[in-house]
Amino acid sequence: MMAAVPLLALAATPAPALPLLALRGGARGVQKPSNKAGTSSVVGGVLLHLACGAAMATAEDPRLALLAQMAGMPLGPLLEKRAGPTGTALLATACIGTALAGKLGATDCVADLCGTQLSTVLLGLGVAVAYQVPLLTGSRWFPRRKGLVIGASLSGVGASAA
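About the thresholds
Residues numbered from 1 in each chain as written. Predicted model: local features only at pLDDT ≥ 70, side-chain atom pairs only at ≥ 80, totals over all residues. Heavy atoms only, no water. Helix = DSSP H or I, 4+ residues; strand = E, 2+ residues; numbered from the N terminus. Contact = heavy atoms within 4.5 Å. Areas by Shrake-Rupley, 256 points an atom, 1.4 Å probe, with all protein chains shown as cover. Expected span 1.5 Å × (residues − 1). Buried < 20%, exposed > 50% of the residue type's maximum accessible area, 1.4 Å probe, protein only. Axes fitted to C-alpha atoms, helices over the stretch in contact; angles between N-to-C directions. Parallel < 35°, antiparallel > 145°, perpendicular 65-115°, else oblique. Left-handed = near helix turned anticlockwise from the far one by under 90°. Nonpolar A, V, L, I, M, F, W, Y, C, P; charged D, E, K, R; others polar.

So, the overall build of the protein
The secondary structure content of the protein amounts to 7 helices and 0 strands. Counting only contacts in the protein whose residues sit at least 6 apart along the sequence, the fraction spanning at least 24 positions is 75%. When the accessible surface of the protein is totalled, it reaches about 10300 Å², and 69% of it is carbon and sulfur.

Digging into the environment of glycine 102
The residue glycine 102 is located in helix H4 (residues 75–104) in this model. Residues glycine 102 and leucine 122, 20 residues apart in the sequence, show an inter-C-alpha distance of 9.9 Å.

Side note on helix H7 (residues 146–161)
Helix length check: H7, at 16 residues, gives a terminal C-alpha distance of 24 Å against a target of 22 Å (1.5 Å per residue), a fit within 8%. Taken residue by residue, H7 has Val149, Ser153, Gly156 and Ser160 as its buried positions. Looking at the buried residues of H7, the elements they touch are helix H2 (35–57) and helix H6 (116–141).

Remarks on the packing of H6 against H7
For the pair H6 and H7, interaxial distance at closest approach is 9 Å and the crossing angle is 155°. In this view, H6 runs roughly antiparallel relative to H7, as classed from their interaxial angle. Read as a crossing pair, H6 and H7 show a hand that is right-handed. Residue-level inspection shows Tyr131, Pro134, Leu135, Gly138 and Ser139 of H6 in contact with H7, the latter providing Lys146, Val149, Ile150, Ser153, Leu154 and Val157. Counted by class, the contact of H6 with H7 contains 7 nonpolar, 3 polar and 1 charged residues.

See below:
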């Protein structure tokens, strides 16, 4: 004869926790993560950091750009939660592009709106927001290889200095 298991004991056992990657499916159900999409996020992170490093190298006042970058660092994860990685990266590249266009004087209108100091601050803020998006996204795609993913993504900054 089978032993009776109290219903209360069954209800007290916790359900197995699903990893963050398994929760991506939403209403469609659980999906296995695609290594192709994860790899493309790491490659995109290298390219984004390469562009950020090159843009910071063109700053006319590096101290002001670094101050703006330090002040804008908390904005990256906050914007990434609201707009997602793609929206945050697009916003950051728009800030960097506007700053570079104002600095280079591509159009008189942008040059008038963005003086040298304002374009430097905008450049620093854009780099600060763009800096963390690939790190957060890559570490979510590859939770067991966070160090490798972050190191590979940050290699773009080092390559831009060369």
